[in-house]
Amino acid sequence: MKKAAKAAPAPKLTAPQGHPGDGSLGFSTRAIHAGQQPDPATGAIVTPVYLTSTYVQEEVGVTKGYDYSRGGNPTRTALEQNLASLEGGHSAYAFGSGMAAITTLLLDFDAGAHVVVSRNVYGGTFRLFERVSRRHGFRFTFVDARDSAAVEAALTPDTRLLFLETPTNPMMELADIRALSRLAHGRGAKVAVDNTFLTPYFQRPLELGADYVVHSATKYIGGHSDVVGGLLVTRTAEDSERIHFLQMSIGAILSPFDSWLLLRGLKTLAVRMREHARNATSIARWLEKHPRVRRVHFPALESHPQHELATRQSTGPGGLLSFELDGGQAEAKRLVESTRVCSLAESLGAVETLISIPSLMTHASVPRPQREALGITDNLVRISVGIEDEADLLADLDQAFAKL
Ligand SMILES: *Cc1c(COP(=O)(O)O)cnc(C)c1O
């Protein structure tokens with residue numbers, strides 16, 4: 001029991017040495033144990049879903065660290081401590097969606113702030129920046145973040161944030177997190193990385209110099225297409241304090257049940273990511289040799305123009321790939337409508353394999369000239385490779401290609 005000042009944030013307990021949150025333990029061990037001590041009331045090994053909005057105070061102002069669930073909830077705290085450990089951050093904060101996490105980060109900056117953003121960011125991020133935040137005085141410059149000189153040229157004295165997504169989707173373009181962080185910090189700007197596609201299992205931006213990591217936990221962290229959530233990870237105590245204040249003030253929090261689902265997803269993150277990457281690599285190599293495929297975009301292939309950077313800043317490729325078909329939109333449509341194991345659907349990052357045509361689905365609202373400038377041609381097909389049996393996925397693609 002501790003005396004907590006009124007409206008004080010719930011404590012972010014830092015794990016003592018030797019505790020499963022300790023960075024000296026392996027990734028999988030921390031994914032299963034960090035932030036998840038046996039329930040103090042019953043010894044339950046699984047963190048309970050604390051469905052409560054308020055907490056009884058023993059005396060006025062004397063709490064067990066929680067006073068109202070917008071500010072803190074034990075199930076959410078367990079998730080936040082777990083992800084902070086996996087990303088190597090000081091703290092993490094859970095939100096109702098990836099977009100809510102990004103919005104909360106943006107509101108840490110003042111009106112008038114200029115933000116440099118990698119082109120080809122997630123469509124919802126583009127919409128939030130250009131169509132919502134611009135009205136509130138933020139300014140954005142979109143750059144090809146593969147090109148450090150282009151990023152440098154875009155930084156102005158008003159730039160407060162460099163927002164990177166790497167790799168991008170569906171073109172799998174990479175940004176050099178270490179080099180660009182050094183550049184941005186030299187100009188007094190902070191750096192945020194959307195790490196949704198590789199997850200901390202394959203890429204840890206804070207260790208490469210970034211200040212913030214954001215996630216759509218809806219994708220690989222949840223991993224089972226059954227929850228929408230977002231996470232924001234901070235590197236320093238000062239940033240953590242401000243983000244916690246914003247999380248509590250804005251209130252775009254994740255529910256206890258969804259926090260529990262994400263904790264459950266995280267326990268198998270390492271196993272799933274290894275399988276996603278293994279299946280995706282097999283499919284990418286198979287596609288690369290296929291006579292009806294012009295080009296495969298997948299950073300683990302030696303043919304990827306940034307393969308060297310991929311091996312330097314991440315330890316694996318994830319499960320997302322795209323390829324250009326030999327043919328037009330009609331052939332692409334026939335292919336994706338002919339698969340039986342791969343489901344025709346948007347979204348990504350879950351156990352089941354999803355196939356889509358970005359120009360007709362996820363990126364249909366981007367005007368054609370802009371789309372083509374980004375490389376999203378009508379014959380581009382994207383696959384979010386799941387963890388089904390590799391042989392079944394290859395056989396499925398083979399029979400679909402035979403229909404062309
Ligand atoms: C899906 C996605 C988002 C948005 O997350 P939601 O959970 O859908 O709000 C942000 N960034 C990337 C890279 C995504 O794929």
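Residues numbered from 1 in each chain as written. Predicted model: local features only at pLDDT ≥ 70, side-chain atom pairs only at ≥ 80, totals over all residues. Heavy atoms only, no water.

Draft legend 1. A look at empty space enclosed by the protein. Taken as a whole and judged by the stated rule, the model has one cavity of 30 Å³ or more. A volume near 50 Å³ is recorded for the largest cavity. Lining the largest cavity, in full, are S118, R119, D144, A145, R146, E165, T166, T168, E173, L174 and A175. A breakdown of the residues in the lining of the largest cavity according to their chemical character gives three nonpolar, three polar and five charged. (1 Å grid on protein atoms, 1.4 Å probe; cavity = no way out; pocket = protein on both sides within 12 Å on 5 of 7 lines; lining within 4 Å. Points joined across faces, edges and corners; volume = space filled by probe spheres on them. Nonpolar A, V, L, I, M, F, W, Y, C, P; charged D, E, K, R; others polar.)

Draft legend 2. Quick look at helix α12 (residues 329-338). The complete set of buried residues in α12 reads A332, L335, V336 and S338. Taken end-on, α12 shows its buried residues confined to a sector of 165 degrees, consistent with a single buried face. (Buried < 20%, exposed > 50% of the residue type's maximum accessible area, 1.4 Å probe, protein only. Helix = DSSP H or I, 4+ residues; strand = E, 2+ residues; numbered from the N terminus. Arc of directions from axis to C-beta.)

Draft legend 3. Here's a closer look at the packing of aromatic side chains. Taken as a whole and judged by the stated rule, the model has nine aromatic pairs. A centroid spacing of 5.4 Å and a plane angle of 85 degrees characterise the contact between F129 and F163, whose relative ring orientation is edge-to-face. In this pair, F129 sits in helix α4 (residues 123-132) while F163 sits in strand β6 (residues 159-165), placing the two residues 34 residues apart along the sequence. Each of the two residues, F129 as well as F163, counts as buried. Aromatic pair F323 and F401: ring centres 6.2 Å apart, planes at 35 degrees, arrangement tilted. Residue F323 is located in strand β11 (residues 320-325), and its partner F401 is located in helix α14 (residues 390-401); the two are separated by 78 residues in the primary sequence. Note on accessibility: F323 and F401 belong to one class, buried. Aromatic ring contacts, followed pair by pair, group F27, Y201 and F202 into a single cluster. Looking at K219, its charged tip hangs above the ring of Y122, at a distance of 4.9 Å from the centre. (Phe/Tyr/Trp six-rings, centres within 6.5 Å; stacked < 30°, edge-to-face > 60°. Lys NZ or Arg CZ within 6 Å of the ring centre and 35° of its normal.)

Draft legend 4. How the structure looks around the site of the ligand. The environment of the ligand is formed by S97, G98, M99, Y122, E165, D194, T196, F197, S216, T218, K219 and G229. One of the side-chain nitrogen or oxygen atoms of T218 is found 2.7 Å away from an oxygen atom of the ligand. Within the side chain of K219, one N or O atom sits 2.7 Å away from an oxygen atom of the ligand. For the ligand, the accessible surface in isolation is 380 Å², of which the surrounding protein chains cover 93%. (Near = heavy atom within 4 Å. Polar contact = N/O pair within 3.5 Å; in protein donor to acceptor, adjacent residues only side chain to side chain. Areas by Shrake-Rupley, 256 points an atom, 1.4 Å probe, with all protein chains shown as cover.)

Draft legend 5. Representation of the sheet that holds strand β5 (residues 139-143) in the model. Ordered by their spatial adjacency, seven strands build an open sheet running β3-β9-β8-β7-β6-β4-β5, and the pairing between neighbours is mixed. Where the open sheet ends on each side, the last strands, each with one partner, are β3 (91-95) and β5. Adjacent strand axes in the sheet meet at a mean angle of 20 degrees when their direction is disregarded. Contacting β4 (114-118), β5 and β6, α4 runs over the sheet at an angle of about 140 degrees to β5. Sitting on the sheet, helix α8 (residues 237-250) is in contact with β3, β7 (190-194), β8 (212-216) and β9 (230-234), with an inclination near 20 degrees to β3. (Pairing = 2+ DSSP bridges. Axes fitted to C-alpha atoms, helices over the stretch in contact; angles between N-to-C directions. Contact = heavy atoms within 4.5 Å.)

Draft legend 6. Layout of the packing of helix α2 (residues 74-87) against helix α9 (residues 256-267). Between α2 and α9, the least distance of the axes is 8 Å, while the angle of their chain directions is 35 degrees. When you trace α2 past α9, the crossing you get is left-handed. Contact residues: α2 offers T75, R76, A78, L79, N82, L83 and L86, while α9 offers P256, S259, W260, L262, L263 and L266. Taken together, the residues of the contact of α2 with α9 break down into nine nonpolar, three polar and one charged. (Left-handed = near helix turned anticlockwise from the far one by under 90°.)

Draft legend 7. Expanded view of the pairing of β5. The pairing of β4 with β5 spans five bridges and is parallel. Among the inter-strand pairings, S118 is bridged to a residue of β5, identified as V143. Running through α4, the crossover from β4 to the neighbouring parallel element β5 is right-handed. (Right-handed = clockwise from strand over helix to strand, strands pointing away.)

Shape descriptors only; they carry no functional weight alone.
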